[in-house]
Each structure stands twice: as C-alpha cells, then as structure tokens.
Amino acid sequence: MSDNDRITKTPEGLLVPDHPTIPFIIGDGCGPDIWAAASRVVNAAVAAAYGGARRIAWKELPAGRKAFDALGTWLPEETLAAFRRYLVGIKGPLATPVGGGIRSLNVALRQGLDLYCCVRPVRHFPGIETPVRHPEKVDMVIFRENTEDIYSGIEFKAGTAEARAFFDWLAAAHPERAAKVRFPASSSFGVKPVSREGTERLVRAAVEYALANGLPSVTLVHKGNIMKFTEGGFRDWGYELVRREFGGEPVGGGPRLRLPGGLVVKDCIADAFLQEILLHPADFDVIATLNLDGDYISDALAAQVGGIGIAPGGNINYASGHAIFEATHGTAPLLAGKDLANPSSLLLSAEMMLRYIQWAEAADLIRRALVRTIGRKTVTADLAEMIPGAAGLKCSEFADALIAQLS
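Student: What am I meant to see in the pairing of strand E3 (residues 21–25) here?
Tutor: A large share of E3 lies buried, amounting to five of its five residues. With burial as the criterion, each face of E3 is covered, one bearing Thr21, Pro23 and Ile25 and the other bearing Ile22 and Phe24. When E3 meets strand E4 (residues 57–60), the two strands line up parallel, connected through four bridges. Its bridge partner lying in E4, Pro23 is registered against Lys59.

Student: Even after reading the chapter, I still don't get the environment of Arg85, so can you show me in this structure?
Tutor: As for its position among the elements, Arg85 is in helix H3 (residues 77–86). Between the C-alpha atom of Arg85 and that of Lys228, which follows or precedes it by 143 residues, the distance is 40 Å.

Student: Honestly, the packing of helix H7 (residues 196–212) against helix H8 (residues 231–246) in this entry has me stumped. Any pointers?
Tutor: The relative placement of two packed helices comes down to the angle between their axes together with the axis-to-axis distance. Two elements in contact, H7 and H8, have axes separated by 9 Å at closest approach and are oriented at 55 degrees. Our classification of the angle between H7 and H8 gives oblique. Crossing of H7 against H8: the hand is right-handed. For the pair formed by H7 and H8, the contact residues are Arg196, Thr199, Glu200, Leu202, Val203, Arg204, Val207, Glu208 and Leu211 on the first element and Phe234, Trp237, Gly238, Glu240, Leu241, Val242, Arg244, Glu245 and Phe246 on the second.

Student: What's the story with helix H4 (residues 105–112) in this structure? I'm lost.
Tutor: Structurally, the α-helix is built with 3.6 residues per turn, so residues lying three or four positions apart point the same way. Within H4, the full set of buried residues consists of Leu105, Val107, Leu109 and Arg110. In the segment just after H4, Asp114 is the residue with positive phi, at about 55 degrees.

Student: In this structure, what is going on with the side chain of Asn315? I would like to understand it.
Tutor: For Asn315, the position within the fold is in strand E15 (residues 312–316). A distance of 2.9 Å separates the side chain of Asn315 from the side chain of Asn146, its partner in a polar contact. Setting aside residues up to four positions removed in sequence, Asn315 forms contacts with Arg110, Leu115, Cys117, Cys118, Asn146, His322, Ala323, Ile324 and Glu326.

Student: What should I look at first to understand the sheet that holds E3 in this one?
Tutor: The strands making up a sheet are joined through hydrogen bonds of the backbone, oriented either antiparallel or parallel. An order of E4-E3-E5-E16-E15-E6-E7-E14-E10-E13-E12-E11 is seen for the twelve strands of this open sheet, with the pairing classed as mixed. Pairing within the sheet leaves two strands with one partner each, and these edge strands are E4 and strand E11 (249–250). Both strand E5 (residues 88–91) and strand E16 (residues 323–327) contribute to a ladder of four bridges, which runs parallel. Counterpart to Ile90 in the pairing with E16 is Phe325. Contacting strand E7 (139–145), strand E10 (217–222), strand E13 (264–269) and strand E14 (286–289), helix H9 (residues 270–279) runs over the sheet at an angle of about 105 degrees to E13.

Student: Would you take a moment to explain the packing of aromatic side chains for this structure?
Tutor: The description of two aromatic rings rests on the distance between their centres and on the angle between their planes. If you walk through the whole model with that rule in mind, you get 13 aromatic pairs. Ring geometry for Phe166 against Phe189: centres 5.3 Å apart, planes inclined by 40 degrees, an arrangement best described as tilted. You can see Phe166 sitting in helix H5 (residues 161–173) and its partner Phe189 sitting in strand E9 (residues 189–190), a full 23 residues away along the chain. Classification of Phe189 as buried rests on a relative accessible area of 11%. Members of the aromatic cluster, joined through ring pairs, are Phe156, Phe166, Phe167, Trp169 and Phe189. Sitting above the plane of the Tyr50 ring, Arg54 keeps its charged end 4.6 Å from the centroid. Between Arg144 and the ring centre of Tyr151, over which it is positioned, the NZ or CZ distance is 5.1 Å.

Student: Even after reading the chapter, I still don't get the side chain of Thr331, so can you show me in this structure?
Tutor: Checked against the element boundaries, Thr331 lands in the loop between E16 and helix H11 (344–356). Given the relative accessible area of 16%, Thr331 is considered buried. For Thr331, the residues in contact, after removing those within four places along its chain, are Asp28, Gly29, Cys30, Pro93, Leu94 and Ala95.

Student: Sorry, what's going on with the pairing of E7 here?
Tutor: Side-chain direction in a regular strand flips from residue to residue, so the side chains alternate between the two faces of the sheet. Across the seven residues of E7, six count as buried, placing the element largely inside the fold. Across seven bridges, the pairing between strand E6 (residues 117–123) and E7 is antiparallel. Counterpart to Pro121 in the pairing with E7 is Val141. Relative to E14, E7 is paired through four bridges, and the arrangement is parallel. Bridge pairing links Arg144 to Thr289 in E14.

Rules behind the numbers
Residues numbered from 1 in each chain as written. Predicted model: local features only at pLDDT ≥ 70, side-chain atom pairs only at ≥ 80, totals over all residues. Heavy atoms only, no water. Buried < 20%, exposed > 50% of the residue type's maximum accessible area, 1.4 Å probe, protein only. Helix = DSSP H or I, 4+ residues; strand = E, 2+ residues; numbered from the N terminus. Pairing = 2+ DSSP bridges. Axes fitted to C-alpha atoms, helices over the stretch in contact; angles between N-to-C directions. Parallel < 35°, antiparallel > 145°, perpendicular 65-115°, else oblique. Left-handed = near helix turned anticlockwise from the far one by under 90°. Contact = heavy atoms within 4.5 Å. Polar contact = N/O pair within 3.5 Å; in protein donor to acceptor, adjacent residues only side chain to side chain. Phe/Tyr/Trp six-rings, centres within 6.5 Å; stacked < 30°, edge-to-face > 60°. Lys NZ or Arg CZ within 6 Å of the ring centre and 35° of its normal.

If you want it as structure tokens, here you go:
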C-alpha cells in the first residue's frame, strides 16, 4: 500500500483516491460477526454505485482483547499511528478492561487522535415500533463534545493520598467550598474540565453542519443552572461564538440567536431537554452538548427510534480530517460467534463514513436498502421483536437481504 492510497486533508477538504486504504478494528464479542456482514454490504454498495471504478482496501488493526492476547496491550501504538496516517477509519465494539489497563479503549482513541466531535444522527426507519407514539418525528444529529468533561479521567479515589491531598488543598484554598463535602474521609473526587476552545470548536462544527444541510436550528444542551462555570460556560461561550463568527442576532427577547440565513441557535437545560425530546421532538434538529450529557442523550434518543442497535456514530476532528466511525453498542459477548447480532449500527456508521469521504452515491444505496429491507420485515431478531409479523434473520442472512436490495 502506497501513499497514493491514502486519504489526505487539504485546505479545500478531503482528497480521496479511488482505492483508499481504510483501517478497521474488527472489535470484541460480536464484532467479527457484524464486521463480516457490514463490510460485505459496504463493498457491494461501492461496487454497485461506481461499477468497479472505486473500491476500499481494508486494513485490519489490532485493538481490544484480540490485541491483548497477541501483543500484551489493549491498544498498540501501531494502531493509533495507522489511524493518524490513513486519516479515516472504522471500528467494531471494544470491551473495556476490568480491574486495570485503559479506562476505556473508545475514550483512548478519541483523546489520542483529538476526535473532538462525536456525531450521532438519530432517525426512525418506517416499520419499527418503538416505545413512543410518533418516532418518525425524531430526526436529529447530536454533536457531543468528545475530549473534555469527566471523561478526561481526572479522578482521585477515596482513601488514597491523592484524594487526601486534593481535599487538603481545597480546604486551605477554599474553606467555604470544602465545607460542602459532607464526608471528606470517604469521598472520591473528580475534576470536570470544560474549556472555551473545546466548546467553540464543537459548537462551530454543529453550526456549520446545520448551515451546510439547510437545517433550521441548533440547540445547546447543558446543565448550566447548576454547574455554572463548566456547563454554564459551555452555553455562554457557544452563544458568544455564534455572535462573533456567524453574525447571530438576538431574537424573541431571550438569549436565542438568529443567523442571517435564518438558522436559530437556542439552548435548553439537559433535564428539560430529555422531557422535550419525548413531548416535542420535531422542535430539534442539531444538538450541541457536552460529553456526559451527550452520552445520556444519544442513548435516550436511540431508544425512541428502535434502540442503540441501529444507532450510528462517528468521532471526527474537522480541523485535521481524522475520523473513526464506530458501532455505538457494546460487545454483546453472549452473541459472539453465533451469527445473531444486528450489524445495522456498524453499517450505518459505514454509511456516515462514505458520506464523509464524499462517496454519497454508495451511502444512498445502503440507506435505501435498509429502508426497503426493514419495510419487508426481514430483519435480525432484535428488530423482529419491534416489528409485528417479522421473522428474525441471522446476521449474515440480513446482509444477504440488504445486498439484494442494492439498486
């Protein structure tokens, strides 16, 4: 594989060869099953869209249990280096080591490559029955900040010298705040960094996405009424950026802003937002939020349209061009090797990846095939439970059904 097969970033955007090398991590648990199915569909869609003129050269990278068993490390440096080199990649679900090692392989990849946007589109596929009455009203894209907040991993375990030193510093520097710690001897402590720079690049990406796709609103979701300097800072810095860089002007007597083209930027407290997405989901288009809030919100919205098994995701640095798309669910070890898992999350993440590299024709084929196949009630067992009269297929059989609908 030569440099001619690498995707590169230019000031004008990504430069994608006809035969790009795209690295992948097969994943733990059900990862091999869903990768075998999803990659077959992607290859067939690319072939159908471009008649053989374009194709992907897949390059497997070690990570997770497979890497640990072979190399004694959960995330080899060669894997990070390859993602840096080839710019765009995709991965299956990875187990988090218990009792030691990396806190989270997913978080390590995001932070190691500075993939500051976790992008999660949420849409309903007709035919899937969900817990809400009108799942078709859910059509949002979540931009979750991916590198800060409590996921930065700055914690001090109760009973350790570090926890005692942290509290002693707090008591000496801010005794009035230390007094709020009810049980200092048995308390663990965590630090929640939220920066202006991290906020601005996330909100900028969300607004640019909304403008590029002709969407009417961006909502900043936060808990700034309680965490005034971190999540409140996110809200305030977000509004400041929109005024400064996009010409946002106040509208309606409140903090919300309207851009010259009509895009409205507003905000919502996180707990109120979780109510509003049930009561008035059509009021929201693009969501910009912090790391922890985005974790909760992404899964809650996925449940409204059929579950995390059909929820795609991408981790993106729009400045450098680096991106890793991923299955958003866990490893499902009970399904490992049984050809029963649903490959839709990984497949829809691959669809996102194809759009990111500007191969929209192949991405469109995948989405249409999913709509048609689900509409025919030919789905995997997890979706069959939500579609009256559906018969559950094996993972590989579902891939066959999707390929038959590529046109």
